[in-house]
Each structure stands twice: as C-alpha cells, then as structure tokens.
Amino acid sequence: MHKVLNFLTALFAFSFIALKLNASGIITTVAGDLQPGFANIETASLVFPMAVTVDNLGNVYIADAYLQKIKKLDPNGNLTDLGVTGLNEPQGVVADALGNIYISDTQNGRIKQRDSLGNITTVAGDGGTANVQYLGPILASGVSLLRPIGLALDQSGNLYIVDKGNSAIRKLQLGSNFISTTAGRAGTEEGRSADFTGDGGQAIAADFQYPFGVAVDSVRNVIYIADTYNNRVRKVDAQGVITTVAGSRNGAGADAAVDPLGDPSSDGYRGDGGPATSAMLSGPKGLAVDSAGNLYIADTGNAIIRKVATNGIITTVAGTIPVLQSVSPSTQIPQTGYSGDGGPATSAKLDSPTAVACDSAGNLYIADLANFRIRKVSFQSAPPITTPTSASIGSTSATLGGNVTGTGGFSLTAVGVVYAATSANSNPRLSGTGVTNVAGIAATGVFTVNATGLTAGTAYSYAAYATNSQGTTYTTVGTFTTGPTPTLTFATPSAASVAGGATLANAVTSTLSGGSYGAISYTSSSPSVATVNATTGVVTGLSVGTTTITATQAAAPGFNAATSTSYTLTVTIEYTFSTLAGTAGSSGSADGTGSAARFNYPNGVAVDATGNVYIAD
C-alpha cells in the first residue's frame, strides 16, 4: 500500500482508469479488477492506466504507469500484455494504421516504438534533461526530452510529443527521424515553466505550464494542447498561430473571488451549454478529436469528460458535474467515485480521468486513474447504412440494395429497401405515400432484395434502410427507370422454297426490343416434307410438298406474351429436272451414253424394276 500511495503522489495525486464512451452515454466496465484496498495489487490486470489509444481495427492500447506495461484490449474483450520491457512509468501511447505503437517512456526521457512484429526501438530522446528549444529539425536520437507524456499522430506521418518538463510540444518526422519544436519556448528558463502567454502569436513563442495532452485534427490541420496547469486547452493552426479554445483566458463570467482579474491559472467548473472560451476547466489532461472535428477533454480535476463541438459550445458527456458548494465565493465540489455502470454516462462517477481517445465510430475511451478500470460508454444511435445500389433493371423488376456498416451499438431489427414511383413519392420512407417495402435479412454488410411487379417504362425512387431500437437510418435516395414493354417481331426468310435434299438457314428470324426473353424453338408441321432444327431453325427439304415452319418464343419474366408468340411460314419443296439421254435439237439414230445418243421423235418411255429405262424412238 505504501508503494501505491507514493506512486500516486509522484503522479500529482491523480489516479487512472480507461473507459469507452458512446454518444448518448451508457457506461459499463470492460476491464480492470483491482479490489478495494489494493488487496490484489500484485495480480491485478490494471493498476494505473495512464494513457489510452485506439487503432483502426478497434484494438485499445493502455499504458499502465504502475505496472510499467503496455496492455492491449481487443474487440472481443481480451486483455493481454504486449511484452514491452524496460519502461519506467510509461504515460503516453498512440498507434498507427500499420500496427506500430509509440510509447512515452516518461521517466527514461525517451519515445519507443513497438513495430507490428514486436520489435522495440528508441525513436527519440537521449535520456538527458537538457533544456533546448530545437527550432530547426535535428536528429531525434540526440534530443533531450524531460518527462514526455502525451502523444498524437497526424496523417502525414508526424508524431507530436508533449515534452512536459520543458513545457513544449515537439514534432518527430517518423520517416526521417528529425525532430523540431511546434509550440513552447523551451530553451529558456522562463519558457520551461512559465504561466500563460502567447495567444494570438506564433506558438513557438508561447508559454505553457507543464502541458499533458495533445491531439491532432488532420482534416482541419490543427493541433490541440492541454495546457494543464493553466487550466486551458489551446490550438495551433496551420499558420502556427496559437489561441485558446477552452478555458476562460479573461475570466468572462467568473466570480471575482474565484477567478480574480481573469487569473489564467485559476481552475474550477463553469460554462456548460455556452462558449468553451468562457468555461472553466480544472487541470485538463487528455485530449481527443473525432472524425467530425469535435474535441473531447479529460477535465481531470472536475472528474468529467467534456466536449467542445465544432460550433465552440462546451458540454459534459461523461461523469457527474461538480456540485455548487457555496455561492460567495462560488465553490464547486467534484463528484468523484465509481458508479453508474449500465446507466447514462452523465450520471456515472469517475475519478481523475486523465486520457481520452476516439475510435473510428466516434466512441470514446477514457483513462480514469483512481478507479483502476477500463469502462465503456456505448453510443446510442440508429445503425449506419450507406450506398444505395440498383442492378438487373428490367421492365417489371429490379435488384436493389445497400450496405449496413454497423449496428449502432444495438441489435438490428430490420433491413430492407423502400421504393415508389418518383411521380408519387421522390423521397420514399417506411409508411410513406405510394411506398413499397422489401425486407432483407437483418445483418450488417452488403445486401440485396428483389423488387417485382414494377411498371414498365417508369421512373422510380428508392432508399435502403436499417433499424434498431434507437431508430431507422436511410441511405441517400437513388433512382432508376424500368425498361419498356418487350415486343417480339418475327420475319419471313429471304427464300420461299428449298430444293429437295437442300437446306435453308434462318427459316424464321425474330427481333426483340426491351427486356429479357426466353429461348426460341422451331417445329415443322410435315417432317416428311421438310425437317427443321429445333434450336437453329435450319430447314432441310426431303420430298415434294409444303409444310409450316413455326417459331415459338418461350414465356419469360418481363415478356408481354402469356406463354409464347409464333409466326408460320409455308415452304414449298421442288425437284430440279435434267437430260438423261440425247441432245435437245439434234436428231438422229446413234446409240451412245447420255448426250452422245440420238433420237428422232421419241414417243414413249418405261422403267423396269431394276431401274432400266426403255424409250420408243
């Protein structure tokens, strides 16, 4: 117990826990098992989770400063030790998209990297305590970092380091391993622990008082800094200009007895529902930015998590707000403790939350020191769904779908597509006018449904949807137009007859416009006169006579015929005549073969059983 208490004192009397937060705020505990009175401290899975981060796969990484370990909490709730040894009170951690983890080895004055294979290297810091500003990029291996804490990555591969002991923010270019100063007058004794100066000017000329946290909004190209002992959160924009975004620099709206003359180092609780620059904070430490640009603050001394929306308004999203103890001078008492699991996050109690991180879905993870746990606050929202799709559009049917990308934290109850003729309803919704609903299987991922009974040649509007207990979400509205009613036209062949023993291709041809159709088959009414190939329509003449060749169009979805359509062609089969003997126009009495023979007025002919021909000359 004595060791634990000493450790708490060394960490400025703050304790640590990690939680996960969701928009409407239902809080639960997902990790940590330290018992009251530290009874199981030698076997506890977490003791002082000082920092927390989330990777793009949903893994949560926790720096436990007491256990000197980096722990990983996977999406299935399994907590494991990553085996990073030789750390001395690690108090910062961040993960990139490639599986690398960066760690503030705080008391050793170094930044370490654990790559995706588990290899550990030092990427910045020489373990010294020099006070240098490092304005120009220099090799990070020769830089002194004095108790580095907070870490953040931008999309360009830069790692931002809170050099707490030097009251400066350093930028490490991971590709080249060069480091420079982004904010703070490190290098001067005044700049190392100064109170509060510099707003409106260049950040490298500003003073901080032992900052803790840093966060990067890469989309908007700004850096946020928790100026902890000045009770402010400050922003460095793309031009390097620093301003205050939370905490009242001039004491606007403050009680003079509590915040005399806008004392920049005064702390307290004030301002929810109003501009963050008029609010009061108490020792803010951890920061995070979600994909929408909202800023989250671990307001450590007030035992709450606060949100600064993109419009600059501040609210509390987790923890119980301090209670007004007296009016003159006004005094608020933080509501610390460990309670609220299963209920709203704003009714729960935290104790010294020191870090916060956002995952890709906007959930927050909070390091809450004195409860020694990882807690989760689940957002309550309707399920996200994107990408309305349409395919296989016929005259009376179409395949429609969407992509359900999450559950919203609750079980899906319905998934499907609604559609309507655009002329009747251009924004179809469930229970809307003229709307047809086709339900799919209630599951995440890409899905399709079949819309049938559509009207040919009609414009339709449609939207995919997904529903859970929190509501229904729709995609943007898509449109498609069904094809025209299919029509089949048969044509007669180019020749009206075929000689015996000969063939005629394409006895009947057909042309279809609009939609899909079934196969065409062919038949002959008198196969002894002429046959026809059932699939190709090639006619073969056999004997003198006539026959009807019929082409039949099979019924098919979307085809307008009830069963089939046909056209009948009459084919006449004729023999070709040739000279057996003699030469026309040349008379005589000569015997011979074929044309060599001569006749003079032949007057009769007969054929015997063996095929001999007898001629009366």
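Residues numbered from 1 in each chain as written. Predicted model: local features only at pLDDT ≥ 70, side-chain atom pairs only at ≥ 80, totals over all residues. Heavy atoms only, no water.

Caption draft 1: Quick look at the confidence of the model for the chain. With 81% of its residues at a pLDDT of 70 or more, the chain has an overall mean of 83. Note that pLDDT drops below 50 for residues 7–23; the model gives that stretch 98 contacts with residues more than four away or on any other chain. (pLDDT = per-residue confidence, 0-100. Contact = heavy atoms within 4.5 Å.)

Caption draft 2: The sheet that holds strand β3 (residues 49–54), seen in detail. Spatial strand order, β3-β4-β5-β6: four strands in an open sheet with antiparallel pairing. Sheet topology places β3 and β6 (79–81) at the edges, where each strand pairs with a single neighbour. Here the average twist between neighbouring strands, direction ignored, is 25°. Sheet topology note: the β3/strand β4 (residues 60–64) ladder contains five bridges and is antiparallel. What sits directly across from V52, in β4, is I62. (Pairing = 2+ DSSP bridges. Helix = DSSP H or I, 4+ residues; strand = E, 2+ residues; numbered from the N terminus. Axes fitted to C-alpha atoms, helices over the stretch in contact; angles between N-to-C directions.)

Caption draft 3: Structural view of the environment of T531. You can see T531 is positioned in strand β42 (residues 530–532). T531 sits ten residues away from G541 along the chain, and the two C-alpha atoms are 6.8 Å apart.

Caption draft 4: Focus on the nonpolar core. Ranked by size, the top nonpolar core spans 18 residues in total, and within it L400, V404, V417, Y419, F447, L454 and F480 carry the most contacts. Among the secondary structure elements, those contributing two or more residues to this core are β30 (397–404), β31 (414–421), β33 (445–452) and β34 (459–468). Tallying contributions element by element places β34 first for this core, with four residues. Non-local contacts of F447, meaning those with residues more than four positions away in its chain, are made with I385, L400, G401, G402, N403, V404, V415, G416, V417, A464 and Y465. (Core = buried A, V, L, I, M, F, W, Y, C linked by side-chain atoms within 4.5 Å. Buried < 20%, exposed > 50% of the residue type's maximum accessible area, 1.4 Å probe, protein only.)

Caption draft 5: Highlighting the packing of aromatic side chains. A complete count under the given rule lists nine aromatic pairs for this structure. Taking the centre distance of 5.6 Å and the plane angle of 85° together, the rings of F48 and Y66 count as edge-to-face. A residue pair is termed long-range when its members are at least 10 positions apart, and F48 in the loop between β2 (26–31) and β3 and Y66 in the loop between β4 and β5 (69–73) qualify at 18 residues. The two residues F48 and Y66 agree in class, both being buried. Ring geometry for Y210 against Y229: centres 6.3 Å apart, planes inclined by 90°, an arrangement best described as edge-to-face. Here the residue Y210 occupies a position in the loop between α2 (189–193) and β16 (214–217), and Y229 occupies one in the loop between β17 (222–227) and β18 (232–236), the gap between them amounting to 19 residues. The partly exposed category is assigned to Y210, whose relative accessible area is 27%. Residue classification places Y229 among the partly exposed residues on the basis of a relative accessible area of 28%. (Phe/Tyr/Trp six-rings, centres within 6.5 Å; stacked < 30°, edge-to-face > 60°.)

Caption draft 6: Local environment of the sheet that holds β30. Judged by pairing direction, the sheet is antiparallel, and its three strands sit side by side in the order β29-β30-β33 without closing on themselves. Edge positions in the open sheet fall to β29 (385–391) and β33, since each of these has one partner strand only. Across the sheet, the mean angle separating the axes of adjacent strands is 20° when strand polarity is ignored. Of the strand pairs in this sheet, β29 and β30 are connected by five bridges, and their pairing is antiparallel.

Caption draft 7: Up close: the environment of L454. As for its placement among the helices and strands, L454 is situated in the loop between β33 and β34. Sequence-wise, L454 and A421 are 33 residues apart; in three dimensions their C-alpha atoms are separated by 9.0 Å. With residues up to four places along the chain from it excluded, the contact list for L454 reads S395, T396, S397, A398, Y419, Y460, F480 and T482.

Caption draft 8: Local environment of a nonpolar patch on the surface. Taken together, the side chains of L580, V605, V607, V613 and I615 define a hydrophobic patch exposed on the protein surface, amounting to about 480 Å² of accessible area. At the level of elements, β46 (604–607) and β47 (613–616) are the ones that each hand at least two residues to the nonpolar patch. Here I615 is to be found in strand β47. Here I615 falls in the partly exposed class, since its relative accessible area comes to 39%. (Patch = residues over 30% accessible without salt bridge, like charges linked within 9 Å, V, L, I, M, F, W, Y side chains within 5 Å. Areas by Shrake-Rupley, 256 points an atom, 1.4 Å probe, with all protein chains shown as cover. Salt bridge = Lys/Arg side-chain N within 4 Å of Asp/Glu carboxyl O.)

Caption draft 9: A look at the pattern of salt bridges. One pass over the full model with this rule turns up ten salt bridges. Measuring nitrogen to oxygen at the nearest pair gives 2.7 Å for the salt bridge that ties R185 to D207. Taken together, the positions of R185 in the loop between β15 (178–183) and α2 and D207 in the loop between α2 and β16 put the pair 22 residues apart, joining distant regions of the chain. Given a relative accessible area of 26%, R185 falls into the partly exposed group. Given a relative accessible area of 3%, D207 falls into the buried group.

Caption draft 10: Layout of the pairing of β34. With nine of its ten residues buried, β34 lies for the most part within the structure. Looking at chain direction, β31 and β34 are connected through eight bridges and run antiparallel. Residue pairing for β34: V415 is matched across the bridge by A466. The pairing of β34 with strand β36 (residues 478–481) spans four bridges and is classified as antiparallel.

Caption draft 11: Geometry of unusual backbone geometry. The phi angle at F38 is positive, at roughly 60°, despite the residue not being glycine. In this model, Q68 sits at a positive phi of 60°, which is unusual for a non-glycine residue. Of note, Q68 is situated in the loop between β4 and β5. Of the residues examined, Q68 reaches a relative accessible area of 28% and is grouped as partly exposed.

Caption draft 12: Up close: the side chain of N230. Within the secondary structure, N230 is located in the loop between β17 and β18. Looking at N230, its side chain comes within polar contact range of the side chain of Q209, at 3.2 Å. (Polar contact = N/O pair within 3.5 Å; in protein donor to acceptor, adjacent residues only side chain to side chain.)

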